[in-house]
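Okay, here's what each chain looks like letter by letter:
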Number of protein chains: 2
Amino acid sequence: MKPLLVRELLGEALREHRMGQGRTLRDVSLSARVSLGYLSEVERGQKEASSELLSSICTALRVPMSEIFRRVSEKLLVAEIENDGNPTAQPRRQVEVAA
Amino acid sequence: MKPLLVRELLGEALREHRMGQGRTLRDVSLSARVSLGYLSEVERGQKEASSELLSSICTALRVPMSEIFRRVSEKLLVAEIENDGNPTAQPRRQVEVAA
């Protein structure tokens, strides 16, 4: 059962955007002014990206952060549904919380 | 111009869920097994929550992470529109970050 680690899904979403643009890690890392190794680790879900670095990476990818987070939310939802029944999974339908 | 710091919007979303349940920082921090001070800093956007801690906090709040990320995405979109008048535009604030 796959654990729900946000950094992995966030990394996936960032990589998908980069690949979709046919761009290299080197190109995006230069543009975002982060090291290639760091960007690679973020994409593989091995490193948590700080808010500032995430903003830089999204700017380099020319994608609004809202779009990345929407995508991560979708990925999380799929994983939550797949994990349903697993005691370590997130509760699935307890979303109805008063604001 | 409001800076788009994900940790601030994430903290807001977590706090909104906690307050909506009428629960205290102490209650949620005990349930999530994180220190009260840490949870408070996360809610105020002063600390980045690791993926593992975020998962624990969401479990303690009985809210799926997908729901929190959907909410953060909405908050980001509002901020992006406020900052640029265009939801597809890039966050204007460029952050100088060393890798």
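Residue positions within a chain follow its written sequence, with the count starting from 1. The order in which chains are written sets their letters, starting at A; the order in which ligands are written sets their numbers, starting at 1. With pLDDT at 70 or above as the cut-off, local features in this predicted model cover only qualifying residues; side-chain atom pairs require 80 or more to be listed or tallied, and sums for whole chains, interfaces and linings still use all residues. Each side-chain value is worked out from all heavy atoms of the structure, with water and hydrogens disregarded.

Draft legend 1. The overall build of chain A, seen in detail. Regarding its fold elements, chain A presents 5 helices and 0 strands. Listed by position from the N terminus, the elements making up chain A come as α-α-α-α-α. Residue burial is assigned from relative accessible area. The probe radius is 1.4 Å, only protein chains are included, and a residue is buried under 20% of its type maximum, exposed over 50%, and partly exposed in between. Out of the 99 residues in chain A, the part that is buried amounts to 52%. Residue contacts follow a heavy-atom distance rule, with two residues in contact if any of their heavy atoms lie within 4.5 Å. Within chain A, contacts between residues at least 6 apart in sequence are counted, and of these 62% link residues at least 24 apart. What sets the accessible areas is the Shrake-Rupley method with a 1.4 Å probe; for residues, cover comes only from the shown protein chains. By element, 53% of the accessible surface of chain A is carried by carbon and sulfur atoms, the whole surface being about 4800 Å². Numbered from the N terminus, helices here are DSSP runs of H or I no shorter than four residues, and strands are runs of E no shorter than two.

Draft legend 2. View of unusual backbone geometry. For A:Arg62, which is not glycine, the phi torsion reads 55° and is therefore positive. By the element assignment, A:Arg62 lies in the loop between helix H4 (51–61) and helix H5 (65–83).

Draft legend 3. Here's a closer look at the packing of H4(A) against H5(A). Residue and element names in this part refer to chain A. Between the N-to-C directions of two axes lies an angle of 0 to 180 degrees, each axis being a line fitted to C-alpha atoms and, for a helix, fitted only over the stretch in contact. H5 packs onto H4 with a crossing angle of 105° between their chain directions and a minimal axis gap of 9 Å. In terms of orientation, H4 lies roughly perpendicular with respect to H5. Touching Leu54, Ser55 and Cys58 of H4 are Met65, Ile68 and Phe69, all from H5. Looking at the contact of H4 with H5 residue by residue, the class counts come to 5 nonpolar, 1 polar and no charged. Orientation is classified from the angle alone, with under 35 degrees giving roughly parallel, over 145 giving roughly antiparallel, 65 to 115 giving roughly perpendicular, and any other angle giving oblique. Just so you know the grouping, Ala, Val, Leu, Ile, Met, Phe, Trp, Tyr, Cys and Pro go in nonpolar, Asp, Glu, Lys and Arg go in charged, and all remaining residues, Gly too, go in polar.

Draft legend 4. Examining the packing of helix H1 (residues 6–20) of chain B against helix H4 (residues 51–61) of chain B more closely. Residues and elements named next belong to chain B. Packing of H1 against H4 leaves a shortest axis separation of 10 Å and a crossing angle of 20°. Judged by the inter-axis angle, H1 sits roughly parallel to H4. By crossing handedness, the relation of H1 to H4 is classed as left-handed. Within the contact between the two elements, H1 uses Leu10, Leu14, His17 and Arg18 and H4 uses Leu54, Ile57, Cys58 and Leu61. Crossings are sorted by hand: turned counterclockwise from the far helix by less than a right angle, the near helix makes the crossing left-handed, and turned clockwise it makes it right-handed.

Draft legend 5. Main features of the confidence of the model for chain A. A score between 0 and 100, pLDDT records how confident the predictor is in each residue. For chain A, the mean per-residue pLDDT works out to 87, and 82% of the residues sit at or above 70. Both confidence scores are given for the complex: pTM 0.82, ipTM 0.81.

Draft legend 6. Seen up close, the environment of A:Ser73. Here A:Ser73 shows up in helix H5. Relative accessible area serves as the criterion here: at 8%, A:Ser73 is assigned to the buried category. For A:Ser73 and A:Asp84, which are 11 residues apart along the polypeptide, the C-alpha to C-alpha distance reads 16 Å. Ignoring any residue separated from it by four or fewer positions in sequence, one finds A:Ser73 in contact with B:Ser66, B:Phe69 and B:Arg70.

Draft legend 7. Inspection of H1(B) at higher detail. With 15 residues, H1(B) ought to run about 21 Å at 1.5 Å a step, and its terminal C-alpha atoms sit 21 Å apart, in line with that. Turning to H1(B), the residues buried within the fold contact H4 and H5 of chain A together with helix H2 (25–32), helix H3 (36–43), H4 and helix H5 (65–84) of chain B. Note on H1(B): the residue one or two positions beyond its end, B:Gly22, has a positive phi of about 65°. In this analysis, the expected span of each helix is defined as 1.5 Å times one less than the number of residues it contains.

Draft legend 8. Representation of the nonpolar core in the model. The term nonpolar core refers to a set of buried residues drawn from Ala, Val, Leu, Ile, Met, Phe, Trp, Tyr and Cys, joined through side-chain atoms within 4.5 Å. A:Leu14, A:Leu54, A:Ile68, B:Leu14, B:Leu54 and B:Ile68 are the most contacted members of the largest nonpolar core, which has 53 residues in total. Setting aside its immediate chain neighbours within four residues, A:Leu54 contacts A:Leu10, A:Leu14, A:Ala49, A:Met65, A:Phe69 and B:Val6.

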